[in-house]
Amino acid sequence: MKGSLLLTSTDFDKIAKAITNTYELIRLDEQPSETALEMLKEAEISLNEAKSYVLTKLQSIS
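Notes on the structure follow. (Residues numbered from 1 in each chain as written. Predicted model: local features only at pLDDT ≥ 70, side-chain atom pairs only at ≥ 80, totals over all residues. Heavy atoms only, no water.)

1. Here we look at the overall build of the protein chain
Rules: Comment: elements are numbered from the N terminus, with helices defined as DSSP H or I runs of at least four residues and strands as E runs of at least two. Working definition of accessibility: Shrake-Rupley area with a 1.4 Å probe, residue cover restricted to the visible protein chains.
Tallying secondary structure elements over the protein chain gives two helices and zero strands in all. Total accessible area computed for the protein chain in this model is approximately 4900 Å², and 57% of it derives from carbon and sulfur atoms.

2. Examining the nonpolar core
Buried together is how nonpolar side chains tend to be arranged in soluble globular proteins. The condition is simple: Definition used in this section: a nonpolar core is a set of buried Ala, Val, Leu, Ile, Met, Phe, Trp, Tyr and Cys residues joined via side-chain atoms within 4.5 Å. Burial classification: accessible surface area is computed with a 1.4 Å probe over protein chains only, and a residue below 20% of its type maximum counts as buried, one above 50% as exposed, and the rest as partly exposed.
Of all hydrophobic cores here, the largest spans nine residues; its members are Phe12, Ile19, Tyr23, Ile26, Leu37, Leu40, Leu47, Val54 and Leu58. Going through the elements one at a time, α1 (2-28) and α2 (34-61) are the ones with two or more residues in this core. Top element by residues in this core is α2. It accounts for five residues.

3. Topic: α2
Because each turn of an α-helix spans 3.6 residues, side chains separated by three or four positions in sequence point in the same direction. The line we're drawing: Multiplying 1.5 Å by the residue count of a helix minus one yields the expected span of that helix.
In this model, α2 (28 residues) spans 41 Å end to end at C-alpha, consistent with the 40 Å of a helix rising 1.5 Å per residue. Considered for burial, the residues of α2 that qualify are Leu37, Leu40, Leu47, Val54 and Leu58.

4. Considerations on the environment of Ala36
Here Ala36 shows up in helix α2. With 13 residues separating them along the chain, Ala36 and Tyr23 place their C-alpha atoms 8.9 Å apart.

Below is the structure:
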């Protein structure tokens, strides 16, 4: 179980990088889509919640 949670951490890093890259691309537009920015913010919040969940699980295993 612990190994699969650690693999998930790598996946979280990839997702975080994708969110960051997407933010950067959207901000290059002169008039960025508010909907796109809101959706990215929601994705970022979900990612942080998932990270917190995994960290809690890791602490309960230790």
